[in-house]
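Structural features, examined
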Amino acid sequence: VVWLLLNQTLAPGQFVMGSVLGVVLALIFRQLGAPTLRLRNPQKLLVLAARVSLDVVRSNYAVAKLIVLGQSRVVKSGFVSVPLRLTDPYALAVLACIITSTPGTIWVSYDAGRNVLLIHVLDLVDEMVWIRTIRDRYEHLLLEIFE
């Protein structure tokens with residue numbers, strides 16, 4: 001389906017090519033030995049999706065206000081280290097997507113040994129607010145869904 005959408009066609013040849021690619025890539029992925037995906041509480045995905053959607057809209061507005069409209073105060077950007085309880089690779093990947101897709105923040109690095117996430121924030125007023133936001137709004141739900 002993704003192949004057909006990318007090629008913007010329903011031609012039979014493209015359907016066959018997409019099917020072959022889907023099967024071959026699935027077999028290759030299986031050989032990589034990726035951990036098994038376990039969703040303990042999949043209905044919480046809807047709550048997470050709604051929360052992330054709302055936060056992305058809010059963040060878009062805040063960043064637009066900072067950049068387009070300008071602000072009278074000085075904007076201070078910076079890095080925040082967030083200690084995590086998450087260990088599931090799929091949950092960490094979802095968290096990376098959430099943080100990176102939210103305007104004004106970006107996932108910089110993750111230290112698996114210490115289980116600490118480093119993010120960059122465009123408008124950093126209070127580090128503890130960001131730590132609480134990530135842990136309370138996202139990590140808590142991801143723990144319920146994946147671990």
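This text follows the structure it describes.
Throughout what follows, the structure given in this document is the object of discussion. (Residues numbered from 1 in each chain as written. Predicted model: local features only at pLDDT ≥ 70, side-chain atom pairs only at ≥ 80, totals over all residues. Heavy atoms only, no water.)

**Quick word on the pattern of salt bridges**
For the structure on display, the rule yields six salt bridges. Each member of the salt-bridge network shares a partner with another, and the members are Asp55, Arg58 and Arg137. (Salt bridge = Lys/Arg side-chain N within 4 Å of Asp/Glu carboxyl O.)

**Some details on the sheet that holds strand E3 (residues 116-121)**
Strand pairing in a sheet takes place through backbone hydrogen bonds and is either antiparallel or parallel in direction. The antiparallel open sheet is built from three strands, whose spatial order is E1-E3-E2. The two strands at the open ends of the sheet, each matched to only one other strand, are strand E1 (78-83) and strand E2 (105-111). The average angle at which neighbouring strand axes cross in this sheet is 25°, direction not considered. Pairing analysis gives six bridges linking E1 to E3, with the strands arranged antiparallel. Paired with Phe79 across the two strands is His120, which belongs to E3. Along the sheet, helix H4 (residues 89-101) makes contact with E2 and E3, crossing E2 at roughly 150°. Those strands touched by helix H5 (residues 127-146) are E1, E2 and E3, and its axis lies near 45° from that of E1. (Pairing = 2+ DSSP bridges. Helix = DSSP H or I, 4+ residues; strand = E, 2+ residues; numbered from the N terminus. Axes fitted to C-alpha atoms, helices over the stretch in contact; angles between N-to-C directions. Contact = heavy atoms within 4.5 Å.)

Without other data, these values stay purely geometric and don't point to any function.
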